[in-house]
Structures are given as C-alpha cells and as structure tokens.
Amino acid sequence: MIDTNAVIENEKKAFNARLAEMLKEHGGEFVVFKGGEPVGFFPDASAAYGFAMDKYGPDAGFLIREVAEGRLQVASLTWHLGVSHAR
Amino acid sequence: MPGSKRDADKRQAAHREKQRLKRKEATKKSGAAPTNGAAASSWVKFEYQYDPAVLQGFGPHVVAEWAVPDHFAAFLAANNSPVPQAIVGHMLVDTGASSTSIAEEVAKELGLTQIDTVTTYGAHGGQTSRVYLAKFRLSVRDEHGQIHTVEQELATMAIHDMQGLYDAMGVRQSDGSPVRPVGLLGRDFLRHTRLTYHGTEGRFQIAVSKVLVRQP
C-alpha cells in the first residue's frame, strides 16, 4: 500500500514549483501530476480523473488540481466557526 | 397607525389577487399550458416542508446522493469488483460554504480515490482535508410528479466526522427520524440556484437553473 497523503504532498511540491510556468498556458485547466511531472491538462476534474484512472489505476497515487494560484480554503464559515449547531 | 397599515395590506392583497386573475385569464386566452413558473422559465423549483422548529434548529437539508465516478465504476466492473451502491443522505444547504463537500465517512465507504489535499482555516486553526473525485446526484420530484436530476462529477473536499457531530447534536428530521449527513451543498452549486427560506411556515424552496438539470 502506498501512502497516498505522502505521494500527494510530494506532487503538490512539484505542482507549486511549476505553477508559474503552467499558469502561462494552462490557467484554469486541471492538471494531473504523477512522478513530479505534469502528465496532462484537462478542462475539468472529471476528465483529468478519467485520464489518470485509465493510465495509472485508482491506487497509484496522483494529484489532480486546478492550475490556479493557491487561495484560502474555507469549507464553511459556519462549520469552522462552530455555529452550525451551537446550543 | 395600525388601522392605516391594515387598509394598506388589504389594498395590496386585493391588487395581488387582481394581478393573479389577470395572468390566469391571459394564459387561458393564449391557449398556453398552465405553468408552475418553472416550465416557462429556465428554473426548476423544488420545495421542502419541515417542522418550522426543525428548520430553525438544524437548517435546510436536501436529500442527495454520492456515488463513485463513472471511470472508477468502469474500472471496478472491468476487474470483476463490486461497484459500491450510491449513498443517500442529507446535505446541509450552506451559503457559508464556498464549495460542495462530502462527509469523510461517505468518501471512505465508497472507496473514493483521493486526488488532492487542502489546508482549511477556521476558528480552531488550520487542518488538512482530503479531496476526492465523486459523483453528486440530486433527484427531486416537482409539483407535477416529474423527476428532475442534477448530476455532476466534481473534486470535493471531505468534512471530518460530520456524522459524529450530527449524532452529538441530535439532529432529527421533522418526523423525528435520524438524519444521515452526507455533505454540505455549497456555493459552487448554489450559484445556479435561487433560494427561498420561509421560516415561519417551515418551507424551503430551491429553484435550480435548467443548465444543471438533466431532462427527465
């Protein structure tokens, strides 16, 4: 069994190192990273996933991410602030 | 003055009724089929009725389901492995959520492929959340009995221990039955909708743009 989180963290490092370069031609597209390299660009996450599944299978460990500047991720303001179900 | 306000309300109600009858008459004359407001526009409306106290206590939930993406299902089938059944449950309609999220336990049960991680921030600091590719489906029956379905494959962030929180808080449906939370319906989906929250009557209406709706 591979450590998916560790693989994804490594692919994210490679993604971040190549981001500026990728933004020039692939901004807004979804990229598949495998082995520290971008192996394909796609219009949406579903298409990228289809490619990665066909090529590597579900357990190989790969990154699929939109080619975009990182931004603050907030799942839900209410959820994170703990007020969804406060009593 | 209260008397004046009552008179104004009566006048407004009479005016609205007059307008409604006018529209009805015009529809009759034109021979057009009566509409629910959705068929004539680009919206499909769904209405949910709750006990008002339940709506206030737990927020609007819609029944939806998560399933494995088509490519994953095909992979499993090709390898003679069983394809997990879609998991049906309740999604909290959350205008405070930037994106639609899946409950982590649902993602695990479906055996979804993790495709990314994100760091989320909140009152309790940062934490890492897994991102999965999953198929989301919302099927609802409109007032004419027709089923409409919204279906999307999307990269969705996982929410930790949603079931645990719901259990701890005793979240219940209007009939008292337990709720199985499967995620949050966030603004990436809600940007295609119009929402009406009628707190006093316990009604919640969601009108979905036909852009998203698969034709029955």
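Above: the structure in question.
About the cut-offs
- Residues numbered from 1 in each chain as written.
- Chains lettered and ligands numbered in written order.
- Predicted model: local features only at pLDDT ≥ 70, side-chain atom pairs only at ≥ 80, totals over all residues.
- Pairing = 2+ DSSP bridges.
- Helix = DSSP H or I, 4+ residues; strand = E, 2+ residues; numbered from the N terminus.
- Axes fitted to C-alpha atoms, helices over the stretch in contact; angles between N-to-C directions.
- Buried ≥ 20, exposed ≤ 12 C-beta atoms within 10 Å, placed from the backbone.
- Contact = placed C-beta atoms within 7 Å.

Chemist: Quick rundown of the sheet that holds strand 9 (residues 193–198) of chain B? Include the residues and the values.
Modeler: All names here are of chain B. Spatial strand order, 1-10-9: three strands in an open sheet with antiparallel pairing. Each having just a single partner strand, strand 1 (43–49) and strand 9 make up the two edges of the open sheet. Neighbouring strand axes in the sheet, compared pairwise and without regard to direction, differ in orientation by 15° on average. By the bridge criterion, seven bridges tie strand 1 to strand 10 (residues 203–209) in an arrangement that is antiparallel. By the bridge assignment, E47 is partnered in strand 10 with Q205.

Chemist: Just give me the short version of unusual backbone geometry, but keep the residues and values in it.
Modeler: Residues and elements named next belong to chain B. Residues other than glycine seldom take positive phi values, yet N80 does so here, at roughly 55°. Examined against the element boundaries, N80 turns out to sit in the loop between helix 3 (70–78) and strand 3 (87–93). Looking at N80, the number of C-beta atoms within 10 Å reads 6, which means it is exposed. Unlike most non-glycine residues, D161 shows phi in positive territory, near 45°. Mapped onto the elements, D161 comes out in the loop between strand 7 (147–159) and helix 5 (162–169).

Chemist: Mind laying out the sheet that holds strand 1 (residues 30–34) of chain A, listing which residues take part and the relevant values?
Modeler: The strands making up a sheet associate through backbone hydrogen bonding, with each pair oriented either parallel or antiparallel. All names here are of chain A. The three strands lie next to each other as 2-1-3, forming an open sheet whose pairing is antiparallel. Of all the strands in the sheet, the pair left with one neighbour each is strand 2 (37–42) and strand 3 (63–66). Taking the axes of each pair of neighbouring strands and ignoring which way they run, one obtains an average angle of 25° across the sheet. Bridge analysis of strand 1 against strand 2 gives five bridges, and the strand direction is antiparallel. Each bridged residue has a counterpart across the sheet, and for V32 the counterpart in strand 2 is G40. Most of the contacts of helix 2 (residues 45–56) go to strand 1, to which it runs at about 25°, and overall it touches strand 1, strand 2 and strand 3.

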